[in-house]
Every structure is written in C-alpha cells, then in structure tokens.
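Secondary and tertiary structure notes
So the chains spell out like this:
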Amino acid sequence: MRVAILRETQPGETRVALVTDAVKTLVSQKVEVGVEPGAGAHVGISDADYEAAGAGIVDRASLLADADVIAAVNCPRVEDLDRLHKGSVLVGFLRPLDEPAALVPAIHRGATLFSMELVPRITRAQAMDTLSSMATIAGYKAALIAADNLPRMFPLLMTAAGTVPPAKVFVIGAGVAGLQAIATARRLGAVVEAYDVRAAASEQVRSLGAKFLEVDLGGLETEDKGGYARELTEEALNRGRDLITKTAKTSDVIITTAQVPGRRAPLLIRREAVENMRSGSIIIDLAALNGGNCELTQPGETVTTPNGVTIFAPLNLPATVPVHASQLYSRNMTNLLKLMIKNGALNLDMNDEIIQGTCVAYEGQVVNQRVAAALETRATRS
Ligand code: NAD
C-alpha cells in the first residue's frame, strides 16, 4: 500500500498533512510513503528528513497516479483530481458541504473521498478531530492579533503614572476556537464576556474565568446530537443580535466564531453594533471562511470602518503556526489512517462509524446524503 504526501498548493497554505513521525508510524506498518519535493518546506522538514524517516521523494504526477491513499490538508486542484484512479483514497479538508462541486472530478474518476470535517464527534474519534485541533490554534491566534492591534493593553496595570484598566474582550461562539480565545485573552489579563446559544457552553466559559451572557431563546432546541449548534429561527437570532449590539458598545475587542456546520455562518453583529463601538476597537471574525458573523466583514481582508473599528477576517489562521498546526493535523490524520490499514493493506470497513461518517464518496458513488442532496440541487439548477 502506498500513501502520498502532497505539497499544498492553496495560496497562503504552509501546513503539510503528515510530518516525519507519521511517516515512521506508517512505514512501521509496512506502508510505502511517497512525498512530493518541498512538501514540508514551511514546517522545517526537508526532503532529506522525510527520506531519513523512511519515505521516498516522488514527483506530484506519479504520486497522484499511483498512490492508494493521498494525504492532503486542502482539496487538491482540479487537474490533480483528474489524475486519480478508481479506488484512490483522498483524505483532507475537502469542504464537501461548502463546495461539493469541486469534488465532482474526483467522483467521476471513481475515487474514494474522506473529509476531515466529517469526522464524527464521538469519544473514539477525538484523536482524529482536526477541526478541534485547528480551531484551538485559530482561537489562540485571534486573541494575539487582537492584543497586538488594539491601541490599548490587555491587563490591568497599577503604575506610578496611574491605573490602566483592563481591555474588555467579548467572545461570540464559545466552541473550541472561542474557548481558546477566552483562555488566551484571560492569560493576557483581559476581562472577558462570552455568548453562545448552547447552554453547555456557559459552564465552560465560567470555568475559564469569563462571564457568560445569557439570552432567553424561549426554550428553543439549540444543540444537535453531535454537539453542534442548530440553525436558529430569525426571532432567536435577533435576540442574540440585540445582546451583541448592547455588549459591543462597551467592548474593546470582539472575537466571533459562531458557525453552524454546512450553512453560511450566522450574521450576528449588525452594522449598527460596529458603528457604536469606540474608535480603535477590534473585531476578529473567525467565521469569515463561511461568510462571517459580522455584516461588515470582508472575508480575507482587513477593513477599518469610518468610525475607526478594524475588522480582521482571516481565512486560515492555523497556517500562521505551521509547525504545530502540521504536527496536530498529522497526528489526527495518522489516527484516521490507522483505521484504514490492516497488515500493510488498505482495508476500509464501511460499517465502522468513523469510516462511514467521514466518507463523502466510495469508489465514485456519493455516500454522504447531505453532499448528494447538495450536488443534486446544483444539477437541477444548472
Ligand atoms: P463550531 O465551530 O461549529 O461553532 C462555534 C460555536 O458557535 C459553537 O459553540 C456554536 O454553538 C456557536 N454558535 C452557532 N450559532 C450561534 C449563534 N447564533 N449565536 C452564538 N453562538 C453560536 O463548533 P465547534 O467549536 O467545532 O464545536 C462545538 C462544540 O462541539 C464544542 O464546544 C464541544 O462541546 C463539541 N465538541 C465535541 C467533541 C467530541 O465530543 N469529540 C469534539 C469537538 C467539539
């Protein structure tokens, strides 16, 4: 069995799917590993390091054509997908619910696709949960960007020159990224408030020393079986927006992370809320990749409003921490690959809850119902 590690081609991407430790693990399981030249360049892993770990250095076209399993961070380009063969397995962040059409060439080639976004959130799969690993990095980095760009300091300081009050940070969406943003902002000395629609988040927020802001959502079911937020009614969303407008007025920083899987991120910060913020305030919109939580967000851009509020909308913060992001991603991916390998051969047990849940397409047949429905809707429209 051959596993390929590709060099990522998406602009700004610095991560690599598998680091040398992963290569050693796979080689010890009688798996042949091929690496594209320069794949680990941003992570400080040279081709020679990969070779020392037991991999071969192979050109991209051969890897795509010959590998049984292709390990990637992002979905490769269309011309790459066109080189896959029937039964090739591609594993990575494939954005199957956000951009299902991009996967069509691979599906037509008869490939088997596994998407890291779909790893079920069950205890047994925690060691494969790349979404959580990457969200942890994004939350940490968001707090640092805010601290670095705010024209004030985060901690309370009592000096001979007077007292400096602590910065007020408001975190919207207290999931994995939000909780890490809270923890990092607290460590820097900020006073932190947070809001989430899931009741379970309140205890986690409080345990980090932040204040949880409650909104009466009228007993609405806000959490699905997988622990994710559900899409809310417009009325429930408006109650959250009202709280956010009120809280924004006194916040120096807003870090917003609210997402509902497979949907556009909910719009929660109204224009009016931004207009009422003090000049110099910062918004970091971590939901930018899925459209953003703020009405004024421009995904991928940093904009400053006429009243002096700067809105950051980074699309790939984990790529700003390539070494640790790759190490964590690689460990998660290796744990998933181990489930797919038996005695050095590819062995996909489609009855396994993790394999089944993560699979988008099996040998060219779309097996994920939400992706199938999204592709059908698209075909009907065109
Ligand atoms: P996510 O990235 O999908 O969303 C981020 C946060 O936004 C969530 O906390 C969500 O509740 C919140 N949100 C959505 N709509 C909102 C709205 N209108 N207003 C305010 N907040 C809103 O979620 P995530 O961070 O990946 O995970 C969410 C939760 O899932 C985690 O906190 C955890 O409890 C659970 N989880 C479980 C496992 C596991 O069991 N293996 C692994 C990871 C996460």
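Residues numbered from 1 in each chain as written. Predicted model: local features only at pLDDT ≥ 70, side-chain atom pairs only at ≥ 80, totals over all residues. Heavy atoms only, no water.

Considerations on the overall build of the chain
Regarding its fold elements, the chain presents 13 helices and 19 strands. The globule rule puts the C-alpha radius of gyration for 382 residues at 21 Å, and the 22 Å found for the chain is close to it. Projected onto its principal axes, the C-alpha positions of the chain cover 65 × 50 × 35 Å. For the chain, the proportion of contacts with a sequence separation of at least 24, taken over those separated by at least 6, is 64%. Working note: accessible area of the chain is about 17,100 Å², and carbon and sulfur atoms make up 50% of it. Treating the 38 positive side-chain charges of the chain as one cloud and the 42 negative ones as another, the clouds have centres 3 Å apart. (Helix = DSSP H or I, 4+ residues; strand = E, 2+ residues; numbered from the N terminus. Rg over C-alpha atoms; globule rule 2.2 N^0.38 Å. Contact = heavy atoms within 4.5 Å. Areas by Shrake-Rupley, 256 points an atom, 1.4 Å probe, with all protein chains shown as cover. Lys, Arg positive; Asp, Glu negative; His and termini not counted. Charge placed at Lys NZ, Arg CZ, Asp CG, Glu CD.)

Let's talk about the site of the ligand
Lining the immediate surroundings of the ligand are 24 residues, of which Arg121, Asp129, Val176, Asp196 and Arg198 lie closest. Separating an oxygen atom of the ligand from a side-chain N or O atom of Arg121 is a distance of 2.7 Å. A distance of 2.6 Å separates an oxygen atom of the ligand from a polar atom in the side chain of Asp196. Coverage of the ligand by the protein chains reaches 86% of its 830 Å² of free accessible surface. Per-class residue counts for the shell around the ligand are 13 nonpolar, seven polar and four charged. (Near = heavy atom within 4 Å. Polar contact = N/O pair within 3.5 Å; in protein donor to acceptor, adjacent residues only side chain to side chain. Nonpolar A, V, L, I, M, F, W, Y, C, P; charged D, E, K, R; others polar.)

Digging into the nonpolar core
Among the nonpolar cores identified, the biggest contains 43 residues, and Ile5, Leu18, Val91, Met333 and Leu337 are the most heavily contacted of them. Elements with a minimum of two residues in this core: β1 (2-5), α1 (20-28), β2 (32-35), β4 (69-74), β5 (89-93), α6 (130-149), α11 (322-340) and α12 (353-358). For this core, the leading source of residues is α11, giving six residues. For Val91, the residues in contact, after removing those within four places along its chain, are Val69, Ile70, Ala71, Ala72, Phe114, Met116, Met333, Leu336, Leu337 and Met340. (Core = buried A, V, L, I, M, F, W, Y, C linked by side-chain atoms within 4.5 Å. Buried < 20%, exposed > 50% of the residue type's maximum accessible area, 1.4 Å probe, protein only.)

Section: the pattern of salt bridges
This structure, assessed with the given rule, holds 21 salt bridges. Here Asp129 makes a salt bridge to Arg121, at a shortest N to O gap of 3.4 Å. For Asp129, a relative accessible area of 11% translates into the label buried. Close ionic contact of Arg152 with Asp252 constitutes a salt bridge, the shortest N to O distance being 3.7 Å. Here Arg152, found in the loop between α6 and β7 (157-159), pairs with Asp252, found in the loop between α9 (234-248) and β12 (253-256); they are 100 residues apart in sequence, far enough to count as distant. Residues joined by salt bridges that share partners form a network here, namely Arg7, Glu36, Arg60, Arg77, Glu79 and Asp80. (Salt bridge = Lys/Arg side-chain N within 4 Å of Asp/Glu carboxyl O.)

Some remarks on the side chain of Asn290
Take Asn290: it is sitting in the loop between β13 (282-285) and β14 (302-304). Here Asn290 falls in the buried class, since its relative accessible area comes to 18%. Beyond its immediate stretch of four places on either side in the chain, Asn290 contacts Arg95, Asp98, Gln259, Arg263, Arg264 and Ala265.

Overview of the side chain of Asn293
Following the sequence through the fold, Asn293 ends up in the loop between β13 and β14. Leaving out residues up to four positions away in the same chain, Asn293 has contacts with Thr256, Thr257, Ala258, Ala265, Pro266, Leu267, Leu268, Ile269, Asp285 and Ala287.

A word on the sheet that holds strand β6 (residues 112-115)
Pairing is mixed across the open sheet formed by eight strands, whose spatial order is β3-β2-β1-β4-β5-β6-β18-β19. Strand pairing shows two members of the sheet lacking a second neighbour, β3 (56-57) and β19 (365-366), which therefore form its edges. One ladder, built from two bridges, connects β6 with strand β18 (residues 359-362); its direction is antiparallel. When the bridges of β18 are listed, Phe114 appears paired with Cys359. (Pairing = 2+ DSSP bridges.)

Some points on the pairing of β1
Pairing geometry for β1 and β2, over four bridges, is parallel. Each residue of the ladder has a partner; that of Ala4, found in β2, is Gly34. For the crossover from β1 across α1 to β2, the handedness is right-handed. Where β1 meets β4, three bridges bridge the pair, whose relative direction is parallel. By the bridge assignment for β4, Ala4 is matched with Ile70. (Right-handed = clockwise from strand over helix to strand, strands pointing away.)

Some remarks on the environment of Ile45
Mapped onto the secondary structure, Ile45 falls in the loop between β2 and α2 (47-52). We classify Ile45 as buried; its relative accessible area is 11%. Residues Ile45 and Val19 lie 26 residues apart in sequence; the distance between their C-alpha atoms is 7.6 Å. If we ignore the near neighbours within four places in the chain, the residues touching Ile45 are Val19, Thr20, Gly40 and Tyr50.

Comments concerning the environment of Gly54
On the secondary structure map, Gly54 appears in the loop between α2 and β3. Those residues within four positions of Gly54 in sequence are excluded, and the remaining contacts are Val23 and Val27.

What about the packing of α6 against helix α7 (residues 176-187)?
At their nearest, the axes of α6 and α7 sit 7 Å apart, and the two run at 35° to each other. Crossing angle aside, the handedness with which α6 passes α7 is right-handed. For the pair formed by α6 and α7, the contact residues are Ser132, Ala135, Thr136, Gly139, Tyr140, Ala143 and Leu144 on the first element and Val176, Ala177, Gln180, Ala181, Thr184 and Ala185 on the second. The class makeup of the residues in the contact of α6 with α7 is eight nonpolar, five polar and no charged. (Axes fitted to C-alpha atoms, helices over the stretch in contact; angles between N-to-C directions. Left-handed = near helix turned anticlockwise from the far one by under 90°.)

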